[in-house]
Number of protein chains: 2
Amino acid sequence: MIRVVLAEDQSMVRGALASLLGLEPDIEVVGEAANGDEVIAVAEATRPDIALLDIEMPGRDGIAAAEELRRRVPGCRVVILTTFGRPGYLRRAMEAGAVAFLVKDSPASELAAAIRRVLRGERVIDPGLAAAALSAGPNPLSPRERDVLSAAVDGSTINDIALRLHLSEGTVRNYLSAAIHKTGARNRIEAVQKAQAQGWL
Amino acid sequence: MIRVVLAEDQSMVRGALASLLGLEPDIEVVGEAANGDEVIAVAEATRPDIALLDIEMPGRDGIAAAEELRRRVPGCRVVILTTFGRPGYLRRAMEAGAVAFLVKDSPASELAAAIRRVLRGERVIDPGLAAAALSAGPNPLSPRERDVLSAAVDGSTINDIALRLHLSEGTVRNYLSAAIHKTGARNRIEAVQKAQAQGWL
DNA sequence: ACGCGCGGATGACAAATGTCATCGCGAACG
DNA sequence: CGTTCGCGATGACATTTGTCATCCGCGCGT
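Residues numbered from 1 in each chain as written. Chains lettered and ligands numbered in written order. Predicted model: local features only at pLDDT ≥ 70, side-chain atom pairs only at ≥ 80, totals over all residues. Heavy atoms only, no water.

Engineer: What exactly am I supposed to notice about the pattern of salt bridges here?
Structural biologist: For side chains of opposite charge, pairing can occur when their charged atoms come near one another. In total, this model carries 32 salt bridges over all chains according to the counting rule given. Between B:Arg116 and B:Asp26 there is a salt bridge whose closest N-O contact spans 2.7 Å. Here B:Asp26 lies in the loop between helix H1 (11-22) and strand E2 (27-33) and B:Arg116 lies in helix H5 (residues 109-119), a separation of 90 residues in the sequence. The exposure class assigned to B:Arg116 is partly exposed, which follows from its relative accessible area of 25%. Linked through salt bridges whose partners overlap, the residues forming this network are A:Asp37, A:Glu44, A:Arg60, A:Glu68, A:Arg71 and A:Arg72. (Salt bridge = Lys/Arg side-chain N within 4 Å of Asp/Glu carboxyl O. Helix = DSSP H or I, 4+ residues; strand = E, 2+ residues; numbered from the N terminus. Buried < 20%, exposed > 50% of the residue type's maximum accessible area, 1.4 Å probe, protein only.)

This is the structure we're talking about:
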């Protein structure tokens, strides 16, 4: 039996995925978690073959959890299952030690298939997405530019951001200007959108 | 047997939900669709007892589909299943004739339970969400203010919006200013966020 | 008949935002 | 050892955005 733990924050989706995997005769869901911190505890307790992780989760996200799992539960292979096939996500997932990267809008049958292929030692990555990740190149934003742009997603003013990050207003404007330039955007909002679409935040 | 059709754009989630419902001895998934247009065709062909609809779908969304289904397949009860429990969504779903409104982060067991309750003639709505929808009041934005604010979500400049909607720049600014005021926001971006959080767009 | 709200517009003004040049500091790298 | 790069800052400047008062016309309700 292939032993799987599941991390996904939406209970109903998590339950549905568990049921989907439960249909497979050679797969067994031995644990579930609603976020990245939980899944580490669950995996340490159950020592599964596979950890199936969503990326967007409250608290520690799936990528951070993958990194931690590699250290704490070395025998456990990480499969990322995410809504958004963003190039930057794929890149970071691979760097965090994931061996497969699936998007939720591929057919349901691919989930079990991917898990079996991973168990045979293969890596499973959508070829189109792999190409996009490679052609897009690495994240051009410096860490601080990322911070500032991330702080701008919720519509904060320059002043808000400056206070939150303990920077001067001018500095915030400079970083934002750089981020706007590097993303090829025309203003802050476009920069945020483009960076998010690439998985750079 | 309770006959159900399922509309959800993410294949894997759709398949997983189908599997979840398939576990129930008295429920049968007789059709699946990836968007609001498909589900109407499927429901007309299969005449199900229940249509389980996601809201966020490409093309015709779940709420618009619900409205159309009420006319075209009157015997079919509509259950909305959505990621976001936004007050405005609930309100619009009810106006569109839905009899149940579930969010994806409630427990998986609630799905079948809700379907059975609907079949007994009950309405199923999260009490907290119902309270939020009532206390939030109706959408304060005029149709045109909605249009303009919607056109601003992607970071377009005033100029872009004016061209796209065939308005003068000043008019666009006026509508945005009104929307900012009505949402209690401090700028365009916050206004978009607040309006989306309420389900007003 | 009257008021009111909505759509649409203009002009003026203040505030926020984006751009650019320039500076200092420290760490990394050849 | 010099160069480069990231971080942080300042000041000046042009542009964009947000606000407000005011106007017109239309339709709707009383």
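Picking up where we left off.
Engineer: Got a minute to help me understand the interface of chain B and chain A in this structure?
Structural biologist: Often, the extent of an interface is quoted as the loss of accessible area on bringing the components together. With 31 residues of chain B at the interface, the matching set in chain A holds 31 residues. The junction of chain B with chain A conceals about 2500 Å² of combined surface from both sides, 62% of it contributed by carbon and sulfur atoms. The largest per-residue losses of area from chain B upon contact with chain A belong to B:Gln10, B:Met12 and B:Ile189, which jointly make up 27% of the total buried on that side. Here chain B and chain A share two salt bridges between them. For B:Asp160, the salt bridge goes to A:Arg186, with nearest N and O atoms at 2.7 Å. Between chain B and chain A we count 15 residue pairs in polar contact (both at pLDDT 80 or more) in total. Mapped onto the side of chain B that touches chain A, the elements with two or more residues apiece are H1 and helix H10 (188-198) of chain B. With eight residues, the top contributor of residues to the side of chain B that touches chain A is H1(B). Considering only residue class, the side of chain B that touches chain A consists of 13 nonpolar, 11 polar and seven charged. (Contact = heavy atoms within 4.5 Å. Buried area = accessible area lost by both parts, 1.4 Å probe. Polar contact = N/O pair within 3.5 Å; in protein donor to acceptor, adjacent residues only side chain to side chain. Nonpolar A, V, L, I, M, F, W, Y, C, P; charged D, E, K, R; others polar.)

Engineer: What should I look at first to understand the relation of the copies chain B and chain A in this one?
Structural biologist: Expressed as a screw operation, the relation of chain B to chain A combines 0.0 Å of axial shift with a rotation of 180°, fitting to an RMSD of 0.1 Å. Both copies of the chain, as the preceding transformation shows, are related through a two-fold rotation axis. No C-alpha of chain B lies nearer the rotation axis than that of B:Ala16, which sits 2.3 Å from it. Taken as a fraction of all interface residues of chain B, those also at the interface in chain A reach 100%, which identifies the copy contact as same-surface. (Least-squares fit on C-alpha atoms with pLDDT ≥ 70 in both.)

Function-wise, these values are silent; they only describe arrangement.
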